[in-house]
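What follows is each chain in one-letter form.
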Amino acid sequence: MKAVLLGTTAGGGFPQWNCACALCVRARSGELPSRSQDCLAISGNGTDWWLVNASPDIRTQIAACSLLNPGPGPRDTPIRGALFTDAELDHTLGLLTLRGGAGLTVWAPGTVLHALQDQFDLRTVIDGYAPLAWRQVEADQSFDLGGLRVSAIPISGKRPKYARSSTVDGHWVVAYRFADPVTGGVLVYAPCLASWPAGFDDVVAGADCLLLDGTFYAASEMGSATGSSSGQAAMGHLPITHSLPELRRFPDVRRIYTHLNNTNPVLDPESAESVKLREAGVEAPLDGTVIEL
Ligand code: MLT
Ligand code: MN
Ligand code: ZN
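Residues numbered from 1 in each chain as written. Chains lettered and ligands numbered in written order. Predicted model: local features only at pLDDT ≥ 70, side-chain atom pairs only at ≥ 80, totals over all residues. Heavy atoms only, no water.

Draft legend 1. Just unusual backbone geometry, in detail. Each neighbour pair has its own omega, and for Phe14 with Pro15 the value is 0°, a cis peptide bond. With respect to the helices and strands, the residue Pro15 is situated in the loop between strand E1 (2-7) and helix H1 (22-28). Across the junction of Gly71 and Pro72, the peptide omega takes the value 0°, indicating a cis bond. Here Pro72 lies in the loop between helix H2 (58-63) and strand E4 (79-83). Its identity is not glycine, yet Asn53 carries a phi of approximately 70°, on the positive side. Here Asn53 lies in the loop between strand E3 (49-52) and H2. Non-glycine residue His259 carries a positive phi angle of around 55°. Turning to its location among the elements, His259 is positioned in the loop between strand E12 (254-258) and helix H9 (272-279). (Helix = DSSP H or I, 4+ residues; strand = E, 2+ residues; numbered from the N terminus.)

This is the structure we're talking about:
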């Protein structure tokens, strides 16, 4: 299997349009590398590619990845569709850029399919350009996708702000486990995690590579970086100060933080926090990184 980290930051990207925090200023000046919003592309057979989440930056992310080039026919594309971990805008809005694409399928938990129709009707809007096939993923059931065995693992009940009035309960966030039956490689993608879920130890132990929610380094970070007086808790994202001790228990797994918020000091490879990550053998690689398992 091949996976490409198309984007590695939280909603807003790095730098964020309206943010003058110290890190965003350094990214804007070119001192630190800019990064786009969290999104993954994955393929088991090298021909059929799936997006895992569809970020608002998807147009430039696809253009920057030669593996996703269209062709050979004038409107052929190797992109078969998308899998959504959740219904957040930074993970779903990119679908609108793919409007009019023929034969695309979207896989998502029932909560997400509901939100994208009853709370924010992206489904009706995009189906008006070319109908998509909408498929519900069930927790702990697996299915085949382009040479990969895929399963969804419920990991959080965090719902998007626009869906806060929804009365639908259930798993609002899932992680995906991708297994390549030919190589035996296993990749787990979990870009939104409020706490370390029961049973997650086994999921991590069984993976060769884990892509994990690295939104905030510390719970108080939003408040201190932006001067907000509210102090801001970690907004449903387990901070690295809490997840890094968990990750240290799995030294044999390649461990990668993604969905980094623009306030996160690990965006600076020279920061003390980045040094701590490296000491633990954990990575925060840039957009465009290719993982082969
Ligand atoms: C999140 O990850 O918490 C959300 O995407 C926040 C947002 O961008 O609205
Ligand atoms: Mn997000
Ligand atoms: Zn910022």
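Draft legend 2. Up close: helix H4 (residues 110-119). Taken residue by residue, H4 has Thr111, Val112, Leu113, His114, Ala115 and Leu116 as its buried positions. Close packing links the buried residues of H4 with helix H3 (89-92), strand E5 (105-109), helix H5 (122-127) and strand E6 (133-137). (Buried < 20%, exposed > 50% of the residue type's maximum accessible area, 1.4 Å probe, protein only. Contact = heavy atoms within 4.5 Å.)

Draft legend 3. Examining the packing of aromatic side chains more closely. One pass over the structure, following the stated rule, counts 4 aromatic pairs. Taking NZ or CZ as reference, Arg99 lies 5.8 Å from the ring centre of Tyr129, over its face. Here Arg123 stacks its cationic end above the ring of Trp134, 4.8 Å away from the centre of that ring. (Phe/Tyr/Trp six-rings, centres within 6.5 Å; stacked < 30°, edge-to-face > 60°. Lys NZ or Arg CZ within 6 Å of the ring centre and 35° of its normal.)

Draft legend 4. View of the pairing of E5. The element E5 is extensively covered by neighbouring structure, given that 5 of its 5 residues are classed as buried. Of the two faces of E5, the one lined by Thr105, Trp107 and Pro109 and the one lined by Val106 and Ala108 are each fully buried. Strand direction decides the pairing type here: E4 and E5, joined by 3 bridges, are parallel. The residue of E5 that forms the bridge with Leu83 is Trp107. (Pairing = 2+ DSSP bridges.)

Draft legend 5. Expanded view of the side chain of Thr8. Inspection of the secondary structure assignment puts Thr8 in the loop between E1 and H1. Engagement of the side chain of Thr8 in a polar contact is seen with the side chain of Arg35, the distance being 3.0 Å. Reaching out from Thr8, the side chain makes a polar contact with the side chain of Asp287 at a distance of 2.6 Å. Excluding residues within four positions of it along the chain, Thr8 makes contact with Arg35, Ser36, Gln37, Asp38, Thr258, His259, Leu260, Pro285, Leu286 and Asp287. (Polar contact = N/O pair within 3.5 Å; in protein donor to acceptor, adjacent residues only side chain to side chain.)

Draft legend 6. View of the coordination of the zinc ion (ligand 3). Taken together, the protein ligands of the zinc ion (ligand 3) are Cys19 (SG), Cys21 (SG), Cys24 (SG) and Asn262 (OD1), with distances of 2.2 to 2.3 Å. Metal-centred angles of 102 to 121° between the 4 donor atoms at the zinc ion (ligand 3) mark the site as tetrahedral. Expressed as a motif, the donor residue spacing for the zinc ion (ligand 3) is C-x1-C-x2-C-x237-N. (Donors = N, O, S within 2.8 Å, 3.2 Å for Na, K, Ca; no water. Tetrahedral: all angles 85-135°; square planar, octahedral: opposite > 155°, others 65-115°.)

Draft legend 7. Geometry of the site of ligand 1. The full set of residues close to ligand 1 is Gly11, Glu88, Asp90, Lys158, His237 and His259. Within the side chain of Asp90, one N or O atom sits 2.7 Å away from an oxygen atom of ligand 1. Between ligand 1 and the protein, one listed contact pairs an oxygen atom with a side-chain N or O atom of His237 at 2.7 Å. Notes on ligand 1: free accessible area 260 Å², of which the protein chains cover 71%. Looking at side-chain class alone, the shell around ligand 1 contains no nonpolar, 3 polar and 3 charged residues. (Near = heavy atom within 4 Å. Areas by Shrake-Rupley, 256 points an atom, 1.4 Å probe, with all protein chains shown as cover. Nonpolar A, V, L, I, M, F, W, Y, C, P; charged D, E, K, R; others polar.)

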